[in-house]
Amino acid sequence: MMRREFLTLLGSAAAWPLAASAQQPAMPVIGFLNGQSAQAFAPQVAAFRRGLNEAGYVDGRNVAIEYHWAEGQLDRLPPLAADLVRRQVAVIAATGGNNSALVAMQAASTIPIVFTSSDNPVERGLVASINRPGGNVTGVSWFSAELGPKRLGLLHELVPNATIVALLINPNNPESARQPAELQNAARAIGLQLIVLTATTAGDIDTAFTAVVQNRVGALLVGSDPFFANRREQLIALAAQHAIPTIYADAGREMAGAGGLMIYGNSLADAYRRAGIHTGRILKGAKPSELPVDQATKFELIINLRTAKALSLTVPDTLLARADEVIE
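In this report, we go over the structure that sits alongside the text. (Residues numbered from 1 in each chain as written. Predicted model: local features only at pLDDT ≥ 70, side-chain atom pairs only at ≥ 80, totals over all residues. Heavy atoms only, no water.)

### Things to note about the sheet that holds strand S13 (residues 325–327)
Step number 1: The seven strands lie next to each other as S7-S6-S8-S9-S10-S12-S13, forming an open sheet whose pairing is mixed. The two strands at the open ends of the sheet, each matched to only one other strand, are strand S7 (193–198) and S13. For this sheet, the mean inter-axis angle between neighbouring strands, taken without regard to orientation, is 20°.
Step number 2: Relative to S13, strand S12 (residues 299–304) is paired through three bridges, and the arrangement is parallel. Its bridge partner lying in S13, Asn304 is registered against Ile327.
Step number 3: The sheet strands contacting helix H6 (residues 179–189) are strand S6 (164–169), S7 and strand S8 (219–222), and the helix crosses S7 at an angle near 160°.
Step number 4: Strands in contact with helix H7 (residues 202–214) are S6, S7 and S8; relative to S7, the strand with the most contacts, it is inclined by about 155°. (Pairing = 2+ DSSP bridges. Helix = DSSP H or I, 4+ residues; strand = E, 2+ residues; numbered from the N terminus. Axes fitted to C-alpha atoms, helices over the stretch in contact; angles between N-to-C directions. Contact = heavy atoms within 4.5 Å.)

Structure (structure tokens):
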């Protein structure tokens, strides 16, 4: 082979890696939008990534995730969503409640959106129907708000001598709107008086516990809301300080592990894993309009015996037998 031919061949071979690199498709980016904080939702993010892994996507390898957190300031959601649209992400995972999803829908009319919602997504205007969502939106839903009467029954079983019970809700969350009426009916049916308290800030939570003490409340239900999941340490500390038996709707093992007495609700880990799977399906080409809303149906009852002992409560054996997890 002549020297000129050899150099030409060598130059062509050196160019092959560059050409192959140039032909590689750009790594898709998922925009993860949430109204709360990264610290509070770390377990849910881990579950979301597990779902992505099951769908064949690994963060940093064949997909990237851009996290946008509003840190509890819901007025920050619109500019955060607009930034994801400007970045032309492949999918927006609008998590942490309906607010994120509704804001994402206003910002993006064509980018696929995967929501997580603890309410009926049809009634909230997220989708046209469960089986055929229509538009660019689908997601995962679980009806946590509808479990309120069940939580009240569990709390009454644990603290049968409590005659006054309080419900703490976030009035800014549309998902909380039905809870007071449903629980008032359930409370009357078992001879309880129900007091409804509201909180939208950390200071409001302090005020609510002052009202709990003043009204001689014997037990407390904390409603389903991402804000309360974000403030779990404050809630648990105040419940311990004032010796108020409390049942929580959200945050599952995280709430119980931090000292929450009793938690009953849908498994958020399972719901967010399903959201990750849905997101992976869209990255593979599925159309949101034809991808049915996944309805998470895994429920958890978790009881913290250490907290029960600190409150001088004896947990009935019948209740322990129904628990999915008991922390001793």
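### Focus on helix H2 (residues 42–54)
Step number 1: Taking 1.5 Å of rise per residue, 13 residues should cover 18 Å, and H2 covers 19 Å from first to last C-alpha, within 8% of that figure.
Step number 2: Within H2, burial applies to Gln44, Val45, Ala47, Phe48, Gly51 and Leu52. Angularly, the buried residues of H2 cover 160° about the axis, an arc narrow enough to put them on a single face.
Step number 3: The inward-facing, buried residues of H2 abut strand S1 (29–34), strand S2 (64–69), strand S3 (91–95), helix H10 (252–257) and helix H11 (268–283). (Expected span 1.5 Å × (residues − 1). Buried < 20%, exposed > 50% of the residue type's maximum accessible area, 1.4 Å probe, protein only. Arc of directions from axis to C-beta.)

### Describing the pairing of S3
Step number 1: Of all five residues in S3, five are buried, a share of seventy percent or more.
Step number 2: Taking every second residue as pointing to the same face, both faces of S3 are buried, with Val91, Ala93 and Thr95 on one and Ile92 and Ala94 on the other.
Step number 3: Inspection of the sheet shows S1 paired to S3 by five bridges, in the parallel sense. Directly across from Asn34, in S3, lies its bridge partner Thr95.
Step number 4: With three bridges joining them, S3 and strand S4 (residues 113–117) adopt parallel strand pairing. Residue pairing across strands places Ala93 opposite Val114, the latter belonging to S4.
Step number 5: A crossover connection joins S3 to the parallel S4 through helix H4 (residues 98–107); in handedness this β-α-β unit is right-handed. (Right-handed = clockwise from strand over helix to strand, strands pointing away.)

Honestly, that's just the spatial picture; any functional story needs more than this.
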